[in-house]
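Summary of structural features
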Amino acid sequence: MAIVQETIDTVAELERYKYGFTTDVEQEFAPKGLNPDIIRFISEKKGEPEWMLEWRLAAYERWLAMEEPTWAAVKYDSVDYQDLYYYAAPVKKEGPKSLDEVDPELLAVYEKLGIPLKEQEVLAGVQGAPKVAVDAVFDSVSVVTTFKEELAKAGVIFMPISEALREYPDLVRQYLGTVVPVSDNYFAALNSAVFSDGSFVYIPPGVRCPMELSTYFRINASQTGQFERTLIIADKGSYVSYLEGCTAPMRDENQLHAAVVEIIALDDAEVKYSTVQNWYPGDAEGKGGIYNFVTKRADCRGDRSKVSWTQVETGSAVTWKYPSCILKGEESSGEFYSIAITNGHQQADTGTKMLHLGKNSRSRIIAKTVSAGKSDSTYRGLVSIHPKATGVRNFTQCDSLLIGKECGAHTIPYIEVRNGSAQLEHEATTTRLSEAQLFYAQQRGLSEEEAVALLVNGFVRDVLQELPMEFAVEAQKLVAISLEGSVG
Amino acid sequence: MKALARLDLTDAATFPSRRVEEWKYSDLKRFLREAPEPSGTAVVGAPGPFYDLGGDAVVFANGRPVGVKDYIASGDQTLRLRFISDAVGTGHTAAARIVARPGARLLLLETHEGKGSAYVAHNKVEIDVAADAEVIRIVLTDEPADAISVAEAEVRLEAGGRYRQTIVATGAKLQRHETRLRHGAEGADARVDGLYLLNGARHSDQTSVIDHVSPNGTTSQLIKGVVRDEARGVFQGKILVQKGADETDARMGHHGLIASDRGEIDVKPELIIYADEVQCAHGATVGTLDESALFYMQQRGVSADEARALLTHAFLIEVVDRIEHEGAREVVREWLTARL
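Note that the structure is a prediction, hence the values are computed from the model and not measured.

**Describing the overall build of chain A**
Along chain A, the regular secondary structure elements total 12 helices and 24 strands. In the form shown here, chain A has an accessible surface area of approximately 18300 Å², with 48% of it arising from carbon and sulfur atoms.

**Let's talk about the interface of chain A and chain B**
The partner chain B presents 36 residues to the 32 residues of chain A that form the contact. Regarding the contact of chain A and chain B, the summed buried area is about 2700 Å², with carbon and sulfur atoms giving 46% of it. For the interface between chain A and chain B, the tally reads four salt bridges. One salt bridge connects Lys-405 of chain A with Glu-277 of chain B, and the closest N-O pair in it is separated by 3.7 Å. Scanning the region where chain A abuts chain B turns up 15 residue pairs in polar contact (both at pLDDT 80 or more).

**Focus: the side chain of Ser-39 of chain B**
Residue and element names in this part refer to chain B. With respect to the helices and strands, Ser-39 occurs in the loop between helix H1 (28-31) and strand S1 (56-61). Among the polar contacts made by the side chain of Ser-39, one reaches the side chain of His-92 at a distance of 2.8 Å. Each residue touching Ser-39, except ones within four places of it in the same chain, is listed here: Asn-62, Arg-64, Ala-87, Thr-90, Gly-91 and His-92.

**Comments concerning the state of the cysteines**
Should the sulfur atoms of two cysteines be covalently bonded, the bond is a disulfide. Taken as a whole and assessed by the stated rule, the structure comprises zero disulfides over all chains. In this model Cys-398 of chain A remains outside any disulfide bridge; the closest cysteine sulfur is found in Cys-280 of chain B, 14 Å from its own. Between Cys-280 of chain B, a free cysteine, and Cys-407 of chain A, which holds the nearest cysteine sulfur, the sulfur-to-sulfur gap is 13 Å. Exposure remark for Cys-280 of chain B: the relative accessible area of 2% places this residue in the buried category.

**Some thoughts on the packing of helix H2 (residues 291-299) of chain B against helix H3 (residues 304-321) of chain B**
All names here are of chain B. As a packed pair, H2 and H3 sit with axes 9 Å apart at the nearest point and diverge in direction by 130°. Here H2 is positioned oblique relative to H3, judged by the angle of their axes. Between H2 and H3 lies a crossing whose hand is right-handed. Within the contact between the two elements, H2 uses Ala-293, Leu-294, Met-297 and Gln-298 and H3 uses Ala-304, Ala-307, Arg-308, Leu-310 and Leu-311. Considered class by class, the residues forming the contact of H2 with H3 number seven nonpolar, one polar and one charged.

**Let's talk about helix H2 (residues 36-45) of chain A**
Residue and element names in this part refer to chain A. The set of residues buried in H2 consists of Ile-38, Ile-39, Ile-42 and Ser-43. Viewed end-on, H2 has its buried residues packed into an arc of 135°, placing them on one side of the element. Exposed side chains of H2 directed beyond 90 degrees from the buried face belong to Asp-37 and Glu-44. The distance from a side-chain oxygen at the start of H2 to the backbone nitrogen of Asp-37 is 2.9 Å, and the residue carrying that oxygen is Asn-35. Just past H2, the residue Gly-47 takes up positive phi, approximately 60°.

**Observations concerning the pattern of salt bridges**
Residue and element names in this part refer to chain A. Taken as a whole and assessed by the stated rule, the structure comprises 55 salt bridges over all chains. The salt bridge partner of Asp-268 is Arg-304, with a shortest N-O separation of 2.8 Å. Of the two residues, Asp-268 sits in the loop between strand S11 (260-265) and strand S12 (270-277) while Arg-304 sits in the loop between strand S13 (289-300) and strand S14 (306-313), which places them 36 residues apart along the sequence. Overall, the relative accessible area of 38% leaves Asp-268 in the partly exposed class.

**A look at the confidence of the model for chain A**
All names here are of chain A. Looking at chain A as a whole, the pLDDT averages 83, with 84% of positions reaching at least 70. Per-element mean pLDDT across chain A ranges from 50 in helix H1 (residues 2-13) up to 97 in strand S19 (residues 353-356). Taken as a whole, residues 120-129 scores under 50 in pLDDT and shows 10 contacts with residues more than four places along the chain or in a different chain.

**A few points about the environment of Glu-291 of chain B**
Residue and element names in this part refer to chain B. Among the structural elements, Glu-291 can be located in helix H2. The exposure class assigned to Glu-291 is exposed, which follows from its relative accessible area of 57%. In the structure, Glu-291 is positioned 17 residues away from Arg-308 in sequence and 9.8 Å away in space, judged by C-alpha atoms.

**Considering the packing of aromatic side chains**
Counted by the stated rule, this structure contains 19 aromatic pairs over all chains. Considering the side-chain rings of Phe-187 of chain A and Phe-293 of chain A, the 4.6 Å spacing of their centres and the 35° angle between planes classify their relative orientation as tilted. Here Phe-187 of chain A is found in helix H8 (residues 186-194), whereas its partner Phe-293 of chain A is found in strand S13, with 106 residues between them in sequence. On the accessibility criterion, Phe-187 of chain A (2% relative accessible area) is buried. In this structure Phe-293 of chain A comes out as buried when scored by relative accessible area, which is 1%. Through successive ring pairs, a cluster of aromatic residues spans Tyr-60, Trp-63, Trp-71, Tyr-76, Tyr-81, Tyr-186, Phe-187, Tyr-291, Phe-293, Trp-320 and Tyr-322 of chain A. Above the face of the Tyr-239 of chain A ring, Arg-208 of chain A is positioned so that its terminal group lies 4.0 Å from the ring centre. Above the face of the Phe-315 of chain B ring, Lys-224 of chain B is positioned so that its terminal group lies 4.3 Å from the ring centre.

Cut-offs used in this document
- Residues numbered from 1 in each chain as written.
- Chains lettered and ligands numbered in written order.
- Predicted model: local features only at pLDDT ≥ 70, side-chain atom pairs only at ≥ 80, totals over all residues.
- Heavy atoms only, no water.
- Helix = DSSP H or I, 4+ residues; strand = E, 2+ residues; numbered from the N terminus.
- Areas by Shrake-Rupley, 256 points an atom, 1.4 Å probe, with all protein chains shown as cover.
- Contact = heavy atoms within 4.5 Å.
- Buried area = accessible area lost by both parts, 1.4 Å probe.
- Salt bridge = Lys/Arg side-chain N within 4 Å of Asp/Glu carboxyl O.
- Polar contact = N/O pair within 3.5 Å; in protein donor to acceptor, adjacent residues only side chain to side chain.
- Disulfide = S-S within 2.5 Å.
- Buried < 20%, exposed > 50% of the residue type's maximum accessible area, 1.4 Å probe, protein only.
- Axes fitted to C-alpha atoms, helices over the stretch in contact; angles between N-to-C directions.
- Parallel < 35°, antiparallel > 145°, perpendicular 65-115°, else oblique.
- Left-handed = near helix turned anticlockwise from the far one by under 90°.
- Nonpolar A, V, L, I, M, F, W, Y, C, P; charged D, E, K, R; others polar.
- Arc of directions from axis to C-beta.
- pLDDT = per-residue confidence, 0-100.
- Phe/Tyr/Trp six-rings, centres within 6.5 Å; stacked < 30°, edge-to-face > 60°.
- Lys NZ or Arg CZ within 6 Å of the ring centre and 35° of its normal.

Structure (structure tokens):
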């Protein structure tokens with residue numbers, strides 16, 4: 001009954017969105033709007049090499065020529081791209097060398113968010129708990145990255161991408177934009193032009209990363225967009241587990257978050273990427289909240305490489321996100337586990353693409369969608385099998401759960417098979433919460449909300465199991481919080 | 001997404017390309033850049049595959065009605081609806097309207113019979129199923145490999161109406177059967193099945209949009225298909241459950257076999273749901289013939305080709321078995337067996 005108790009406690013103690021505070025740190029902004037000068041400003045601010053600036057400007061040119069996509073099943077007021085700050089950073093007092101020099105205001109933010117930034121206080125008070133290295137990105141810049149030395153001993157590079165551009169320019173240049181090309185889509189092009197920070201990870205051949213790596217994104221300033229870029233390279237035979245979390249203050253404006261994540265897995269490498277997305281979803285009337293338009297893609301270049309995406313999507317006003325795998329290597333494998341929960345006026349159009357190019361490549365998709373309130377949630381996915389990819393296997397399962405009369409849940413899968421030896425199964429269901437199960441739980445003394453939380457936790461269990469421990473507990477709580485107020 | 005103008009063979013601007021989402025897998029524009037010259041007259045020849053089942057006939061020859069083009073059924077009736085094409089490189093459009101009056105039972109036997117080559121046929125039928133009426137629609141196609149053929153059906157179901165559809169497609173250069181069905185009143189019941197058996201470079205697209213706007217509707221859909229050689233099978237099924245269409249029960253299944261190295265199957269089964277008291281599910285599989293079953297049969301003296309034909313038959317016949325009308329079922333069974 002521990003889970004039940006936890007659910008009850010969670011529901012009782014937490015308000016709707018506990019990360020909705022703002023922090024008063026001294027910040028510097030680039031002028032509003034987007035033009036080549038802003039891009040030059042960002043590039044200069046980061047001390048980037050010349051080629052990077054050219055790369056950005058080229059991306060900007062491409063972006064200007066592109067149209068904002070409208071095919072997703074989401075409706076939102078269009079973004080005025082000239083009315084945003086593209087760069088906002090806490091004012092630095094001579095770049096902090098260690099944690100002690102970081103602005104205490106900032107540290108307080110992360111403490112409040114429950115993010116362990118002090119290396120000795122990893123998972124406070126738990127003896128022998130696994131270590132997690134954290135890169136904390138605050139608006140447009142990375143404020144601190146922990147455990148860098150310990151990671152360096154293993155040969156692992158984990159640092160803000162802006163730093164990597166200075167310290168390992170060749171490595172970045174070799175891989176940046178090779179998975180998500182500059183002109184891939186509207187938001188990826190925008191990101192390529194203006195991204196200001198994000199994480200860079202390189203795991204050398206044969207190395208099993210000694211700890212979980214984590215990035216924590218925080219939007220703080222108003223009227224800013226956050227455009228971070230993450231690049232993960234897992235060299236031959238390496239392994240890394242990467243966690244990503246995000247929150248933002250409650251504001252009645254819509255803020256744009258347009259990130260790009262690129263993963264490259266070489267022969268026998270494995271990357272596990274987990275996200276708990278908890279951006280501010282807007283208030284009960286649907287005012288405010290984050291527009292979360294991100295492009296995440298993994299390139300399983302190497303034979304027997306493996307990438308696994310796990311996501312828990314509970315936040316954001318509008319989500320547009322399809323973490324995908326290009327399965328080029330022979331016997332490469334891609335996995336996608338997703339929980340998407342929408343409530344209030346939230347809209348989510350999310351799913352995955354599995355592009356099978358390599359022989360005997362395999363993929364597995366488990367997507368659980370829960371819609372409540374007046375929200376709308378869509379699973380959109382593609383499984384495509386190339387003519388030369390023999391022996392491919394895919395299994396897809398999409399289940400949707402509807403809570404209430406005014407929400408919608410949609411499933412739009414695309415299946416394209418061009419090779420006769422492929423075996424592919426897809427199943428999807430849409431149902432509402434079972435009255436009988438609710439009644440049973442309530443009869444045994446649970447309130448309606450507790451019963452709903454319990455049943456939903458059961459519904460999404462297959463995916464929760466795929467999350468690393470640290471996230472599983474948090475995710476489970478999130479499930480309960482996100483559905484608060486959805487019944488009755 | 002751009003709104004799709006209704007296809008009109010006389011206006012090339014209405015020819016959709018694959019950039020139009022609903023035509024993603026059937027790029028009409030690629031094969032048809034300009035409006036085709038109108039077809040001349042055609043002679044109605046052989047009596048058609050359903051002749052032995054009797055009943056009335058509505059016949060179109062190269063788009064022109066031979067006699068009446070509308071049909072109203074009351075009581076228990078059989079109608080053979082024949083779209084006959086006999087043209088070379090020209091195009092024609094036919095439009096029929098079928099009404100089943102309250103309580104009527106209509107067996108609608110539709111055939112798309114083609115001769116000649118490289119013609120473009122566009123056949124439309126509107127079907128109104130009144131309260132408590134029943135329509136069983138069976139569609140057989142037999143068209144040249146270089147023809148382009150687009151068939152559209154608009155079906156409206158009233159309260160308690162029953163509709164049963166089985167499309168048996170053998171493809172063409174581009175062949176599309178589009179069914180738009182609306183559960184317009186409470187308690188309607190639809191079965192929207194199809195099968196495709198494609199050789200050579202044939203293409204068959206079965207697209208359906210089933211719109212539940214009223215409560216207590218039921219939809220059941222089973223599509224099965226086999227592609228050989230370089231053929232391409234397409235199934236796009238959309239089930240919409242609108243707000244208020246409570247107690248909807250909708251099930252969709254697609255199962256395809258690729259029996260060659262270069263065959264292709266594209267499937268897009270969509271569920272769009274805005275009501276919560278519903279049960280909806282879809283399943284889709286694509287695979288190939290079971291090697292171990294083939295091996296087993298060959299071991300017992302069945303030739304490889306025969307074993308393949310037997311397994312294919314067993315796979316597809318499930319769709320035929322769901323046809324409620326015995327006489328029609330037997331015609332389809334024989335027709336299919338002859339093509340394996």
